[in-house]
Structures are given as C-alpha cells and as structure tokens.
Amino acid sequence: MPTQFSPNQVLTGIRILKRKPKIRPCLVQGLIDLASKGKLKQAVESLELLSRRGIRLDSRTLAFLLQQCGKSKSLREGKWVHLHLKLTGLKHPKTFLSNHLINMYFQCGDDIEARKVFDKMSVRNLFSWNNMLSGYAKLGMLKPAKRLFDKMTERDVVSWNTMVIAFAKNGSHDEALRFYAQLRRSSLGFNHFSFAGVLITCVKLQNLGLTRQVHSQILVAGFLSSVVLSSSIVDAYAKCGLIHDARKLFDEMVEKDVLAWTTLVSGYAKCGDLESARKLFNEMPEPNPVSWTVLIGAYARNGEGHEALKLLEEMTLRDLRPDQFTFSSSLCACASIASLRHGKQIHTRLIQMGFVPNTIVVSSLIDMYSKCGCLVVGKRVFDLMGNKQDVVLWNTMISALAQHGLGEEAIRMFLDMVRSGMKPDRITLVVILSACSHSGLVEEGIMLFEVMTQDHGIVANQEHYACLIDLLGRAGRFDEVMSQLEEMPCKPDGRVWNAVLGACKIHGNIELGRKAAEHLIELEPQDSAAYVLLSNIYAAVGKWESVEKVRHIMNKRQVRKERAVTWVEVERKVHTFTVSDHSHPLKDEIFLVLEQLAGQIEDELFVR
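The name an unreviewed UniProt entry assigns to the protein chain is Pentatricopeptide repeat, from the organism Macleaya cordata.

Put into structure tokens, the structure is as follows:
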C-alpha cells in the first residue's frame, strides 16, 4: 500500500528540494570567489563551515584551491586544505588530488611533504612520477631527481626533457648532454622542449661547435619557427662572439618577440658595438624594462656613463618601473663618471619608491659613494644593511677601503667578515691583496695570501698571482717576484706581466722591465699598455733612443694609445676632457686659466 503524505509534508519537502540546490552552489561559489581574489585565508577558513553543514567539495574545486595555494606559495593554507581532506574521509586521496597536493607542496618549497604524499599513493600514473621529477628539478635537487628517474619503470619524453633542463640549469652540463644524447638515441621521439635544456648548455658553455650542431638538429626537426628556440640560438651565437651569425638568424625569424630583440641588443652590447645595439633598440616595437636595463648596463660598462643616465631618464619619462638590475647599472654609470649628484638622485628615488634593494644594489651604492669621494657615506650604507650574509657586500666594502688607501682598515673589515661567519671567495683575496699593495702592507698581504689559499681553500689563479706580484714589486722585492714567477702552477698571463712591468717602472728595473714588456707584447700585440710602460721606463733613466724605438714599433704596428679622460662638474653639468682637447666651446677661456695657473706655479717654484 503506497505511503500517504499530508499536504503540509509535501509542501515542506518541496521547500527543502528547492532550498538545497541554492545553498550548496552559493557557499561553494563564495569560497571559489575568495580564492580567486587572493583571499586564501578566508577561503580556507570557510571549509570548516562547509564541513559542519555536511557539504563536501568536489575534486575539481579542491584541486582549484590547492592550485591557488601553490601559486601564492601559501604553505599554511595548503596544509589546511590537506587536513580538510583527511577530516572529510579523504585521508588517502585518489591520484588526481594527490598529484595536485604534490604540486602544491613543491611550489611552496616543501619537498618532504610532497614525497610523503607520493609514497602514500596507492595508484601512481606517469604524471605522478613526472610531477615529482619536475618538483625536484625546480628546487635544484638533482640527486633525488636522478634516484627517482632511475626507479621509473615507464618514462616519456617529458621525463627526459625534465632531466636535461634540470642538469643544464644547475650547471651540470656533462650530465645534461648525456641525458640529451640518450633521449635522441631512444625510440620515444622528441618535441621542441627537448632542445631547451641543451640550448641552455650551449649558452652557458659558449661552445660554438655544440651550438652549430644543435642549430642544425632544430632546423632538420622543423622547430626553428619556435621563437623561444630561435632566440636561444641567437643568444648562444652572440655569447660565442659570432654576432653576425646571431644577426643573420634574427633577420630570418618570421616572428620576433621582445626576448629575441633583447637577446640581440645584449649580444651587440657585450661585443662592445654600442652603435648597433642602440640602433636595434630604437627599432624595437615595444622595449620592456629588461631591454632598457640591458642597454643602460652596456653604456655603463663601456665608459659611456652619461648616455646610460640619459637612458634612465628617458625610461622614467615613459613610466617604466626600473628593477634591481636597472638601479645597479645606473649607479655603476654614476661611479664611472664620478657623478655624485646623479648617484644621490638615484639613491633618493630608491627611498621614495619604498624600493627594498638587494645586495647587488647596496653594493653598487657603496661603490658609487666610494668612487665619488664619499667613503663615509658608503660605509654608512654598509652599516645600515641589516642582513650582511652575502660575500659580495663585504668584498665591495673592502675594495672601497682599498681604493682610498686604507689598508689596515680593510684588513680589520676582512677579519670582521670572517668572524661573522662569512666564507671568503676568490674576489675577497683579490681586494684584500689590492688593499695591502696600495698601503705598503707587504708582510700582511703575504700572510693573508697563505691563509686564504691554505685555510679557506681558495685556489689561486692568474689574477691572484698578479696581485701578489704587484704587492712584492711595489716594495722592490724583485727576488721574491722572480721566485713567484718560477713557482706559479700556470704560465704567467698578461695580467701577471703587467704587474711586473708596473713594478719595474716604479723602481727603474730596466732589464726585468724589458723582459716583462716582451712577454706582454707577445701575448697582447695590439695593447698599448706594454709599449707605454716600457717607453716610460726608458724615459725615467734617460734612454731616449730606446724610447724612440718603442714609439717607432708602435707606429709600425698601428698601436694607438688610449687617451685618458677627465671629468669636471661645473654648475651641475659634467664636462669631459681628453689630452689636447680643443672641442669644448669655452676652450679659449679654459686654456687662458691653465696658462695663468702654470705661471703661478713657476713663480712659486722660483721664489722657493
């Protein structure tokens, strides 16, 4: 007999049926909206309310929540979602949600929890294994990635690509090439991502033969239309010094993005061809902040500080926000032309923007103030830096003290650095030896060289030996100079012979100076430094015939001496001068003043 319902019961049932579909979507949609707007804390807190009302979220909504936690690196909220799964009967979630949990934990940097989820999975698909591989790779954990890869019973092209890119990005280029070669020999095939890792290796190793080989393989495979791959090949050719090959490929590209343009601008800049770099930059459809920074840095490195600062001003007028690298390059430009005014303006702008500078920018500030004659301000910037756990910061400060001839203070700074727990590197040895050399602290320099090579494990290279020989040579200790030259583990290069030649000029050691100059001219026949120094040595002892011979050789070989440049700031404008410069509009007044000064000096000397 059918069950009988009263009219009131039927009406109540209809109301419940009508109400339920409205309540669930409304609450769930509210949670999704909160998560989408970045309000993850509120979204996660609402999970408890849903649990109390007996509402269970579907897998896609939970996966969306985990994705948002991973993107924003919100580990705490991600763990709350994981806990919610356990409390609502999903202690062992299915493969789909487990994969999202693994990805979330890796994005938040927690490899241990990610591995726990993976190990507890009852069913793993290939995506699960690749997910773990990718997570380890992104965290630079090559050994766990390799162990996991070796355990995989099934691998696809994604598995191999992940390993190649991981090893390439972390500098293990031999391993990257080995994995790439194994992939190419396998029957799995490949896609355009398969070339990404090996191209990173081409760029970093600057290996022309490898670059040409990979270029050919990409051409044959039909992937040259990929903007990313073509840009990487352009970058590799530019890094190898073949800027013409880089430009040829760039011109052949059907589609060019801002990365391709910036890559070639950077290539020209690194080759010192600023004219081509600027011309290409001006042709760019829409330069981004990275493009501007590349060109600013190029002008700063090549002694064109004024142009670098003009570019920074133009960039600002276009409302493009500078980044850490832009500020660092601009401060280097200020240091190169000793423009304290511009340096202070950039420092002020950093403060006004509420910009939190990284170690590179702080180091650039210290260097700028030091080179502009404000060492005290540079030291104050160093002292105000809260976290000094970066060797670059200490090296910059020690170098600044060395430039101002404060050797003893530089040594004290070095000792403070070691006491703070910082490990010196090869640059530290260069700057501390330079400090000792310019302050005549010979014994201290020798002791520090021995301590750092023996106790701190720094392997001395040509630059270090050049500094040590400069230290000994300035003190006139030529027997020890010769001993170091004989005991060096490698054949002396131009830097070492330059140091020897400089010492010979100071002390008038003609014989050793001639020998050093011969080695230097053989190594660098078009560098004017050796010829000029040798000429100065002969001139110092009155050997004018030898001076004339050196100049004759320079003329014959078409070696041109680089002109020294002087900057003078007058009424907030910096003027640049070179020797015998007649280009300045006020040249007549300038030379008149110089003549008057020279006359006054002669009069004072005559009176004495």
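Following the structure, the description resumes.
A. Representation of the overall build of the protein chain in the model. Helix and strand counts for the protein chain come out as 33 helices and 2 strands. Counting over 608 residues, the protein chain shows a buried share of 43%. Across the protein chain, every contact between residues at least 6 apart in sequence was considered, and the portion connecting residues at least 24 apart equals 60%. Accessible surface, the protein chain: about 33900 Å² in total, of which carbon and sulfur atoms supply 54%.

B. Spatial organisation of the nonpolar core. Counting 177 residues, the largest nonpolar core has Leu65, Ile432 and Val500 as its most contacted members. For this core, the element with the most residues is helix H23 (residues 391-403), which contributes 8 residues. The contact partners of Val500, leaving out residues within four places of it in the chain, are Ile469, Val481, Leu485, Leu512 and Ala516.

C. Highlighting the environment of Leu350. Considering the arrangement of structural elements, one finds Leu350 in helix H20 (residues 340-352). Measuring from C-alpha to C-alpha, the distance between Leu350 and Pro322 comes to 9.8 Å, with 28 residues separating the pair along the chain. Sequence-distant contacts of Leu350, defined by excluding residues within four places in its chain, comprise Phe327, Phe355, Val361 and Leu365.

D. Focus on the UniProt feature "repeat: PPR" (unreviewed entry) in the protein chain. In the numbering used here, UniProt assigns the feature "repeat: PPR" (unreviewed entry) to residues 125-159, 226-256, 257-287, 288-322 and 390-424. Taken end to end, residues 125-159 comprises 74% helix and 0% strand; its first and last C-alpha atoms sit 13 Å apart.

E. How the structure looks around the pattern of salt bridges. Scanning the model with the defined rule gives 21 salt bridges in all. A salt bridge links Asp119 to Arg115, with the shortest nitrogen-to-oxygen separation between them at 3.0 Å. Of this pair, Asp119 and Arg115 both sit in helix H6 (residues 111-120), 4 residues apart, roughly one helical turn. Given a relative accessible area of 22%, Arg115 falls into the partly exposed group. The shortest N-O distance in the salt bridge between Arg318 and Glu314 comes to 3.2 Å. For Glu314, a relative accessible area of 28% corresponds to the partly exposed category. Taken together, the shared-partner salt bridges connect Arg278, Glu307 and Lys310 into one network.

F. How the structure looks around a nonpolar patch on the surface. On the surface, a cluster of nonpolar side chains totalling about 330 Å² of accessible area is made up of Phe591, Val593, Leu594 and Leu597. Take Leu594: it is sitting in helix H33 (residues 587-607).

G. Layout of helix H3 (residues 59-71). Here H3 is 13 residues long and its end C-alpha atoms lie 18 Å apart, about the 18 Å a rise of 1.5 Å per residue gives. Those residues of H3 not exposed but buried are Thr61, Leu62, Ala63, Leu65, Leu66, Gln68, Cys69 and Gly70. One side-chain oxygen of the residue at the start of H3 lies 3.1 Å from the amide nitrogen of Arg60, identifying that residue as Asp58.

H. Just the state of the cysteines, in detail. Under the criterion given, the structure shown has 0 disulfides. There is no disulfide at Cys334, and the cysteine sulfur nearest it, in Cys372, is 6.9 Å away.

I. Seen up close, the packing of helix H7 (residues 126-138) against helix H9 (residues 157-169). Between H7 and H9, the shortest axis-to-axis distance is 10 Å and the interhelical angle comes to 5°. Between H7 and H9, the interaxial angle falls into the category roughly parallel. Across from Leu126, Asn130, Leu133, Ser134 and Ala137 in H7, the residues of H9 making contact are Val158, Ser159, Thr162, Met163 and Ala166. Its residues assigned to classes, the contact of H7 with H9 shows 6 nonpolar, 4 polar and no charged.

J. Structural detail: the environment of Met554. Looking at the element boundaries, Met554 is found in helix H32 (residues 544-556). For Met554, a relative accessible area of 10% corresponds to the buried category. Put simply, Met554 and Asp527 are 27 residues apart on the chain and 9.8 Å apart in space, counted from C-alpha to C-alpha.

K. Structural detail: helix H14 (residues 243-252). Buried within H14 are the following residues: Ile243, Ala246, Leu249 and Phe250. For H14, the buried positions fall inside an angular range of 125° around the axis, keeping them on one side. Among the exposed residues of H14, those oriented more than 90 degrees off its buried face are His244 and Lys248. The inward-facing, buried residues of H14 contact helix H12 (208-221), helix H13 (227-239), helix H15 (258-270) and helix H16 (274-283).

L. Inspection of unusual backbone geometry at higher detail. Located in the positive-phi region is Lys73, a residue other than glycine, with phi close to 55°. With respect to the helices and strands, the residue Lys73 is situated in the loop between H3 and helix H4 (75-87). With a phi close to 60°, Asp319 is a non-glycine residue in the positive phi region. Structurally, the position occupied by Asp319 is in the loop between helix H18 (305-317) and helix H19 (324-336). Asp319 sits in the exposed class, given a relative accessible area of 73%.

Conventions we followed
Residues numbered from 1 in each chain as written. Predicted model: local features only at pLDDT ≥ 70, side-chain atom pairs only at ≥ 80, totals over all residues. Heavy atoms only, no water. Helix = DSSP H or I, 4+ residues; strand = E, 2+ residues; numbered from the N terminus. Buried < 20%, exposed > 50% of the residue type's maximum accessible area, 1.4 Å probe, protein only. Contact = heavy atoms within 4.5 Å. Areas by Shrake-Rupley, 256 points an atom, 1.4 Å probe, with all protein chains shown as cover. Core = buried A, V, L, I, M, F, W, Y, C linked by side-chain atoms within 4.5 Å. UniProt positions renumbered as here; feature names shortened; annotations may be inferred. Salt bridge = Lys/Arg side-chain N within 4 Å of Asp/Glu carboxyl O. Patch = residues over 30% accessible without salt bridge, like charges linked within 9 Å, V, L, I, M, F, W, Y side chains within 5 Å. Expected span 1.5 Å × (residues − 1). Polar contact = N/O pair within 3.5 Å; in protein donor to acceptor, adjacent residues only side chain to side chain. Disulfide = S-S within 2.5 Å. Axes fitted to C-alpha atoms, helices over the stretch in contact; angles between N-to-C directions. Parallel < 35°, antiparallel > 145°, perpendicular 65-115°, else oblique. Nonpolar A, V, L, I, M, F, W, Y, C, P; charged D, E, K, R; others polar. Arc of directions from axis to C-beta.

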